[in-house]
Amino acid sequence: MSFTQRIFSSSLGRKYLMAISGALLMVFLIAHMTGNLLVFAGPDAFNAYGHYLKTHPQLLWPARIGLIVLFVLHVYTGISLARENRAARPTPYAFKNTIQATLASRTMALTGLLVLAYLIYHLLHFTLGIVQPQYFSGVDGQGRHDIYTMFILGFRNPIIYSSYVAAQIILVLHLSHASKSFFQTMGWNQARFHGAIKTFSLAYTLVIFLGFMITPTCVILNFIKLPGEL
């Protein structure tokens, strides 16, 4: 049996894969959030950011392929471990121990699948232009893809904004447990680190939620405007 086969056939190996892939996806969220925040710098900076990514496929495509691999690994290992746990306990306890188990920990599989579903929709919207195609093909004065205008007009739609808010709440619920369970899986959850882990988890989820929410919220409140608008 090869090393890869041993990893995937072992529940411990799959736990490590899920934890590491999840941690790398958490790093990606920070990078993606930072890119979104460039909208505050105005259309030129935001469109230049998008243009740079589009014109450097040697950076963009390895990142995209890497993210796809990470998502597939994370979803596969999460589902397989959940099914394995359920099969090991086919008869539920007469009294569920839900006092210590948080809502986030009990709904990890569900929130993970909901985040994946929203991610697909998000890609259809801003990457493939299938949602709101009328805003997707615009270019700015320098001939660059006008992602600034697409971003503004997209989040001015109350339905799109509301779905985004719901997705961010679900994401934060998922992350609030995932950011702590990573340390447990890796064996780094000794008692002396509990306070630091809890602080890190809270700080990370707050940064992600506020960082992703501030730009579309400023759009729908009309604090961020299109070029030429007063």
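See the structure above.
Quick summary incoming for the structure in this document. Everything quoted here is computed from the prediction, not taken from an experiment.

### Overview of the overall build of the chain
Here comes step 1: When its secondary structure is counted, the chain shows nine helices and zero strands.
Here comes step 2: Based on the C-alpha atoms only, the size of the chain along its principal axes is roughly 60 × 40 × 35 Å.
Here comes step 3: When burial is assessed residue by residue, the chain has 33% of its 230 residues classed as buried.
Here comes step 4: The contacts in the chain between residues at least 6 apart in sequence include a share of 76% that link residues at least 24 apart.
Here comes step 5: Total accessible area on the chain is roughly 14000 Å²; 70% of this is exposed by carbon and sulfur atoms.
Here comes step 6: Separation of charge centres in the chain, based on 16 positive and 5 negative side chains, amounts to 24 Å.

### Some details on the nonpolar core
Across soluble globular proteins, you tend to see nonpolar side chains buried next to one another.
Here comes step 1: Ranked by size, the top nonpolar core spans 28 residues in total, and within it Ile152 and Ile208 carry the most contacts.
Here comes step 2: When contributions to this core are tallied by element, the ones reaching two or more residues are α2 (11-37), α6 (108-127), α7 (147-155), α8 (158-185) and α9 (194-220).
Here comes step 3: Of all the elements, α8 adds the most residues to this core, at seven residues.
Here comes step 4: Contacts of Ile152, omitting those with residues within four sequence positions, involve Val39, Val219, Ile224 and Leu226.

### Examining unusual backbone geometry
Here comes step 1: For Gln132, which is not a glycine, the phi torsion comes out positive at approximately 50°.
Here comes step 2: Structurally, the position occupied by Gln132 is in the loop between α6 and α7.
Here comes step 3: Residue classification places Gln132 among the buried positions, given a relative accessible area of 13%.
Here comes step 4: With a phi close to 70°, Asn222 is a non-glycine residue in the positive phi region.
Here comes step 5: Positionally, Asn222 belongs in the segment after α9.
Here comes step 6: Exposure remark for Asn222: the relative accessible area of 35% places this residue in the partly exposed category.

### Some points on α8
An α-helix turns once every 3.6 residues. As a result, residues three or four positions apart point the same way.
Here comes step 1: In this model, α8 (28 residues) spans 40 Å end to end at C-alpha, consistent with the 40 Å of a helix rising 1.5 Å per residue.
Here comes step 2: For α8, the N-terminal cap is Asn157; the gap from its side-chain oxygen to the backbone nitrogen of Ile159 is 2.8 Å.
Here comes step 3: Where α8 ends, the next residue or the one after it, Gly187, has phi of about 80°, a positive value.

### Thoughts on the side chain of Asn47
Here comes step 1: Mapped onto the elements of the fold, Asn47 is located in helix α3 (residues 43-54).
Here comes step 2: Here Asn47 falls in the buried class, since its relative accessible area comes to 1%.
Here comes step 3: If we ignore the near neighbours within four places in the chain, the residues touching Asn47 are Asp140, Arg144, His145, Asp146, Ile147 and Tyr148.

### Quick word on the packing of α2 against α8
When two helices pack together, their arrangement is given by the angle between the helix axes and the distance between those axes.
Here comes step 1: Across the interface, α2 lies against α8 with an axial gap of 10 Å and an inter-helix angle of 135°. With respect to each other, α2 and α8 are oriented oblique. Considering only the axes of α2 and α8, their crossing is left-handed. The residues of α8 that touch α2, namely those facing Lys15, Tyr16, Ala19, Ile20, Ala23, Met26, Leu29 and Asn36, are Tyr164, Leu171, Leu175, Ser179, Phe182 and Thr185.
Here comes step 2: By residue class, the composition of the contact of α2 with α8 is ten nonpolar, three polar and one charged.

### Quick notes on the packing of α2 against helix α4 (residues 57-88)
Here comes step 1: It is the contact of α2 with α4, at a shortest axis distance of 8 Å, that shows an interaxial angle of 140°. By the angle class used here, α2 and α4 are oblique. Two packed elements cross with a definite hand, and for α2 against α4 that hand is left-handed. Across from Ser11, Arg14, Lys15, Leu17, Met18, Ser21, Gly22, Leu24, Leu25 and Phe28 in α2, the residues of α4 making contact are Leu67, Leu70, Phe71, Leu73, His74, Tyr76, Thr77, Gly78, Ser80, Leu81 and Glu84.

### Considerations on the pattern of salt bridges
Here comes step 1: Per the stated rule, a full pass over the model turns up four salt bridges.
Here comes step 2: The residue Asp44 makes a salt bridge to Arg144 at a minimum N-O spacing of 2.7 Å. A residue pair is termed long-range when its members are at least 10 positions apart, and Asp44 in helix α3 and Arg144 in the loop between α6 and α7 qualify at 100 residues.
Here comes step 3: Under the relative-accessibility criterion, Asp44 is labelled partly exposed at 44%.
Here comes step 4: Residues Glu229 and Arg156 are paired through a salt bridge, measuring 2.7 Å at the closest nitrogen-oxygen approach. With Glu229 in the segment after α9 and Arg156 in the loop between α7 and α8, this pair connects stretches of sequence that are 73 residues apart.
Here comes step 5: Classification of Arg156 by relative accessible area gives partly exposed; the value is 27%.
Here comes step 6: Sharing partners across several salt bridges, the network here consists of Asp44, Asp140 and Arg144.

The rules behind each value
- Residues numbered from 1 in each chain as written.
- Predicted model: local features only at pLDDT ≥ 70, side-chain atom pairs only at ≥ 80, totals over all residues.
- Heavy atoms only, no water.
- Helix = DSSP H or I, 4+ residues; strand = E, 2+ residues; numbered from the N terminus.
- Buried < 20%, exposed > 50% of the residue type's maximum accessible area, 1.4 Å probe, protein only.
- Contact = heavy atoms within 4.5 Å.
- Areas by Shrake-Rupley, 256 points an atom, 1.4 Å probe, with all protein chains shown as cover.
- Lys, Arg positive; Asp, Glu negative; His and termini not counted.
- Charge placed at Lys NZ, Arg CZ, Asp CG, Glu CD.
- Core = buried A, V, L, I, M, F, W, Y, C linked by side-chain atoms within 4.5 Å.
- Expected span 1.5 Å × (residues − 1).
- Polar contact = N/O pair within 3.5 Å; in protein donor to acceptor, adjacent residues only side chain to side chain.
- Axes fitted to C-alpha atoms, helices over the stretch in contact; angles between N-to-C directions.
- Parallel < 35°, antiparallel > 145°, perpendicular 65-115°, else oblique.
- Left-handed = near helix turned anticlockwise from the far one by under 90°.
- Nonpolar A, V, L, I, M, F, W, Y, C, P; charged D, E, K, R; others polar.
- Salt bridge = Lys/Arg side-chain N within 4 Å of Asp/Glu carboxyl O.

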